[in-house]
Amino acid sequence: MNEINVVYASDDHYAMMAGISMISLFENNKPCSKLTVYILADNMSKANKEKLYGIGMMYQRDVYLIDTSHALKDIKQKGINGYSNAYSKGYTAYARLLIPDFIADKDRIVYLDCDTLIIGDITELGQIDMHEKPLGLAYDCCQNKYKRYLSLDEKEGYYNTGVMIFDIGKWKQKQCTQRIIWHMEHIQREYPLVDQDFINVVLHNDIFCLDMKYNYLSQYYLYPYYGLKKVYDLDDGYFYKKEQYAAPDEASVLHFCGRTFIRPWYCNSKHPSKKMYDYYYSLSPWQREVQKRCNWTVPYKIQYLLWRYAPTFVAVGGGVYDAKAFHEAVL
């Protein structure tokens with residue numbers, strides 16, 4: 001049967017983004033006979049829960065909210081600080097590490113970050129052969145100096161956890177949750193990127209690499225292939241080869257991560273997918289809410305100019321290498 005089980009993890013700060021991502025998921029996967037969404041909700045308000053349930057009713061899809069606050073008490077008791085960034089403060093990110101425990105009765109789970117748009121068919125992720133690996137992830141464009149900070153081999157891939165496929169049986173067989181908890185207790189309690197770093201450090205030998213179209217990062221808009229490799233010091237041995245590099249119109253999942261462009265839920269965003277994002281925003285229960293403004297700093301302005309004019313610049317002079325100086329000086 002054409003079936004897929006999708007999980008989001010959200011608190012009140014991310015509820016709107018989760019809802020808009022869900023709408024894009026439902027809109028672009030209508031042929032799927034059974035599409036079920038589970039939301040790991042960390043201290044979410046009744047009003048936001050009702051909006052998320054309402055989206056499921058609008059598309060006649062099953063949506064379940066799972067309260068994670070009790071399960072996350074164990075992590076809090078270990079003295080681990082809550083993850084904090086400009087958008088959210090709390091322990092929601094740690095809930096992603098426990099997905100196979102929250103939803104243990106399914107064979108395959110697809111996790112999506114709230115800051116994603118699903119613009120294509122992702123039902124293949126429910127059946128894709130992961131070659132006995134418990135987890136499927138796409139590469140991230142990570143610099144080697146960050147790998148060194150994590151004590152990872154520079155020749156190993158570093159993966160982005162914005163889209164994850166869990167093989168629940170293999171995850172339990174390889175005791176992945178227990179290994180991560182043991183690492184927290186005995187090796188290192190915290191990392192800057194929380195679940196992403198824990199998974200890369202602890203489970204690096206247990207990851208199947210997904211096509212980049214299933215986790216298309218905003219950085220991929222900004223640089224051509226060889227420019228991206230130069231800026232991030234990437235190698236074919238631990239990143240996609242040229243023939244595997246997808247164009248934006250080939251993507252199935254857009255992921256608005258990192259500090260590349262102003263994210264598209266801000267009214268003054270210059271992100272290449274802003275108009276697309278606003279379309280799904282207009283279908284959401286938040287459509288009447290005024291979008292906030294983001295401070296359009298110098299790095300964002302330079303990024304926009306680089307994206308807008310880099311194709312001409314590269315075509316004329318092949319100047320992709322100047323992007324490295326820009327990246328190091330500004331970001």
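Keep in mind that what you see is a predicted model, and the values were worked out from it rather than measured.

Colleague: What is the right way to look at the pattern of salt bridges in this model?
Modeller: Applying the stated criterion to the full structure yields 10 salt bridges. Measuring nitrogen to oxygen at the nearest pair gives 3.1 Å for the salt bridge that ties D206 to K174. In this pair, D206 is assigned in the loop between helix 9 (195-202) and strand 10 (207-209) and K174 in the loop between helix 7 (168-173) and helix 8 (176-186), connecting sequence segments 32 residues apart. You can call D206 buried: its relative accessible area is 8%. Connected through shared salt-bridge partners, K174, R179 and D206 make up one network.

Colleague: Got a minute to help me understand the sheet that holds strand 6 (residues 108-112) in this structure?
Modeller: Note: strands within a sheet are paired through backbone hydrogen bonds, in either parallel or antiparallel orientation. With mixed pairing, the 7 strands of this open sheet are ordered in space as 3-2-1-6-9-8-10. Lying at the two open borders of the sheet, with one neighbouring strand each, are strand 3 (62-67) and strand 10. Across the sheet, the mean angle separating the axes of adjacent strands is 30 degrees when strand polarity is ignored. Its contacts with the sheet put helix 1 (residues 15-27) on strand 1 (3-10), strand 2 (34-41) and strand 3, and the angle it makes with strand 1 is roughly 165 degrees.

Colleague: Any chance you could explain the environment of P285 here in plain terms?
Modeller: Looking at the secondary structure, you find P285 in the loop between helix 12 (274-282) and helix 13 (298-317). Taking the relative accessible area as the measure of exposure, P285 reaches 37% and is therefore partly exposed. Placed 231 residues apart in sequence, P285 and G54 show a C-alpha to C-alpha distance of 8.4 Å. With residues near it in sequence (within four places) discarded, P285 still touches I23, K51 and I55.

Colleague: Just checking my understanding: could you explain the nonpolar core for this structure?
Modeller: Nonpolar side chains tend toward joint burial in soluble globular proteins. If you look at the biggest cluster of nonpolar residues, it comprises 110 residues, and the most contacted ones within it are Y8, V37 and Y220. Sorting elements by how many residues they give to this core places helix 1 first, with 9 residues.

Colleague: Please clarify how the packing of helix 8 against helix 9 should be interpreted in this entry.
Modeller: When two helices pack together, their arrangement is captured by the angle between the axes and the distance separating the axes. Relative to each other, helix 8 and helix 9 sit at 105 degrees, their axes nearing to 10 Å. With respect to helix 9, the element helix 8 is oriented roughly perpendicular. Residue-level inspection shows R179, I180, H183 and M184 of helix 8 in contact with helix 9, the latter providing F198, V201 and V202.

Colleague: I tried to follow the side chain of N144 on my own but got confused; where do I start?
Modeller: Following the sequence through the fold, N144 ends up in helix 6 (residues 144-149). Under the relative-accessibility criterion, N144 is labelled buried at 6%. Within polar-contact distance, the side chain of N144 engages the side chain of Y238 at 3.2 Å. Discounting chain neighbours no more than four positions away, the residues touching N144 are E154, Y232, D233 and Y238.

Cut-offs applied
- Residues numbered from 1 in each chain as written.
- Predicted model: local features only at pLDDT ≥ 70, side-chain atom pairs only at ≥ 80, totals over all residues.
- Heavy atoms only, no water.
- Salt bridge = Lys/Arg side-chain N within 4 Å of Asp/Glu carboxyl O.
- Helix = DSSP H or I, 4+ residues; strand = E, 2+ residues; numbered from the N terminus.
- Buried < 20%, exposed > 50% of the residue type's maximum accessible area, 1.4 Å probe, protein only.
- Pairing = 2+ DSSP bridges.
- Axes fitted to C-alpha atoms, helices over the stretch in contact; angles between N-to-C directions.
- Contact = heavy atoms within 4.5 Å.
- Core = buried A, V, L, I, M, F, W, Y, C linked by side-chain atoms within 4.5 Å.
- Parallel < 35°, antiparallel > 145°, perpendicular 65-115°, else oblique.
- Polar contact = N/O pair within 3.5 Å; in protein donor to acceptor, adjacent residues only side chain to side chain.

Taken by themselves, the reported measurements are silent on function.
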